[in-house]
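Descriptive structure summary
The chain contents come next:
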Amino acid sequence: MKKIIILFTACWLAGLSAFAQKEYGLRFSSLINDNLSLENAIRLGLENNSDFLTARQEITIAEQKVNEAKFLYLPQFALQGTATWYSLDYPMVLSDSVANRFLPGRVISDKRDQFFGVGITATQYLYSGGRINNALKMARANLKQTQSRYEIVKNATVLDIKKSFFNLLFAQQYDQLMQQLTDKAQHWNIRSSALDIWTKIRLQSAQAQLQARRHQAARQLEQAQTAMLVSLNKELNSTFSITGDFAPVHVNGPLAQLNLYAMEFRPELKSAIYALELDSLSMELALSKRYPDIILNGSYEQLGTDTLRDTNKQISLAMRLPIPYNFSQQIAQKKAEQQKSTLRRAQIEDKIRVQIASSFSQLKFWQEEALSRQETFNQLTLLLDQAEKTANKQGLAPLEALQAYAQAAYDYLDAVRNNLTAKAELEWAVGRDL
């Protein structure tokens, strides 16, 4: 009985764990378009971005090139069989495609016009002047550079999604606010027969301006939704919604520390470093042509004119020294490319420092401005609530107050949007989330 209880408890816990994992997967799955969080929007955008997917495939290709370079250390084997029918008045050697087979003609037998052979050949480089080692190092450096390009595409895609996400949050908040304000204006008893004609004109104009603000907010929301669909790379007729905190954020940290982070995490700089490494390896590869190749070759063959009764065996040790005519030109070219990569790396470092300084300054301004405008907006909200309960709502003054409140709300929401966008741009400039 005790074993049955233990088994039942284990099965129940396993089922509960599986259910929890299923719910977690559903809750955070990018396939669900209802109430997308920022994290899910980023995941969905990356899954649908063709540039990001292409960069990921390039990593797979670079990994296979590394594996291919490793095979250069192993002996190269070849199996070949030939069947030749000939009519010769003089001996000849067949082409490379049929293993350079020598046909003696009538030297062996003037009655035979056919020749058969099967064999195996093994070739091993004992020394290559470092060319095989450098080929593997170049493949690995190319893999690192490809991974850096992958991170560059990923960071750019994430930044674009964040901007679209924050812009859509702003548009949603502003559109909802303008709907509330126009509804208030419609419910208030603003018109009065005691007003003169000039005041009535101004009153009607103020109502039209408030209604125009509402239409503009709805238009901005429509444009933000379209931009979000483009960032997510989804069909423009797709339906979705997003949810997230739309409030000012504050980032602490000295500028020097952010620069250190960027030198460590920014993929553009890593890519430039790997490019410089590739140029150094290309230089070594060009210099290695001064050294010979030492090659060990062995073969075993069974051959004959009618049966495979004859046997050939051989082991050869060869030394080959290439003498290229353009050796000095290649060295000069590789040195120039190496110097170019060095200058490009320094240029990228300076550019990153400028981007961080600009983004950091932008963030400091907007995080202070957002707090200031938030305080003003909160005070106006309290005053508007108080006026709605106690004040007279006739005449032009209530509409002018609503217009002033709408402008203050827009300024505050726009400051929050710029604050969040500046943080996203600073994170892109640093190369990591803050």
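For the structure, check the block above.
Residues numbered from 1 in each chain as written. Predicted model: local features only at pLDDT ≥ 70, side-chain atom pairs only at ≥ 80, totals over all residues. Heavy atoms only, no water.

For the protein, the count of helices and strands is 9 helices and 6 strands. When the 434 residues of the protein are sorted by exposure, 36% land in the buried category. Residue pairs in contact within the protein that sit at least 24 positions apart in sequence constitute 82% of those at least 6 positions apart. With an accessible surface of roughly 26300 Å², the protein has 55% of that area assigned to carbon and sulfur atoms. (Helix = DSSP H or I, 4+ residues; strand = E, 2+ residues; numbered from the N terminus. Buried < 20%, exposed > 50% of the residue type's maximum accessible area, 1.4 Å probe, protein only. Contact = heavy atoms within 4.5 Å. Areas by Shrake-Rupley, 256 points an atom, 1.4 Å probe, with all protein chains shown as cover.)

Another point: the environment of Y150. Of note, Y150 is situated in helix α4 (residues 131-187). Its relative accessible area of 15% is what places Y150 among the buried residues. On a C-alpha basis, the gap between Y150 and P267 in space is 8.6 Å, while along the polypeptide they are 117 residues apart. Setting aside its immediate chain neighbours within four residues, Y150 contacts F52, A55, R56 and I59.

The 4 strands are arranged β1-β4-β5-β6 in an open sheet whose pairing can be described as antiparallel. This sheet does not close on itself; its edge strands, each paired only once, are β1 (76-85) and β6 (310-320). Pairwise comparison of adjacent strand axes, ignoring direction, gives a mean angle of 15 degrees for this sheet. In the sheet, β1 pairs with strand β4 (residues 114-127) via 10 bridges, with the strands oriented antiparallel. Counterpart to A83 in the pairing with β4 is F116. (Pairing = 2+ DSSP bridges. Axes fitted to C-alpha atoms, helices over the stretch in contact; angles between N-to-C directions.)

Attention now goes to the pairing of strand β5 (residues 293-304). Sheet analysis places β4 next to β5, joined by 11 bridges and oriented antiparallel. In the sheet register, F116 faces β5, and the bridge partner there is G304. As paired strands, β5 and β6 are joined by 11 bridges and run antiparallel to one another. The residue bridging I294 from the neighbouring strand is M319, located in β6.

Looking now at the pattern of salt bridges. A full pass over the atoms with the stated rule returns 15 salt bridges. Salt-bridge contacts for E222 lead to R219; the nearest nitrogen and oxygen are separated by 3.5 Å. With E222 and R219 both in helix α5 (residues 197-232), this residue pair falls 3 residues apart, about one helical turn. Of the residues examined, E222 reaches a relative accessible area of 44% and is grouped as partly exposed. Its salt-bridge partner being E349, residue R345 comes within 3.5 Å of it at the nearest N-O pair. With a gap of 4 residues between them, R345 and E349 both fall in helix α8 (residues 327-390), about one helical turn apart. What you see here is one network of salt bridges that share partners, running through K162, K423, E427 and D433. (Salt bridge = Lys/Arg side-chain N within 4 Å of Asp/Glu carboxyl O.)

The description of an aromatic ring pair uses the distance of the two centres, along with the angle that the planes make with each other. Under the criterion given, the structure shown has 10 aromatic pairs. Measuring from centroid to centroid gives 5.1 Å for F52 and Y150, while their planes differ by 35 degrees, and the two rings are tilted. Here F52 is found in helix α3 (residues 50-70), whereas its partner Y150 is found in helix α4, with 98 residues between them in sequence. One aromatic cluster in this structure is built from F170, Y174 and Y410. Over the aromatic face of Y261 sits the side chain of R432, whose NZ or CZ is 4.6 Å from the ring centroid. (Phe/Tyr/Trp six-rings, centres within 6.5 Å; stacked < 30°, edge-to-face > 60°. Lys NZ or Arg CZ within 6 Å of the ring centre and 35° of its normal.)

Don't take any of this as a statement about function, it's just geometry.
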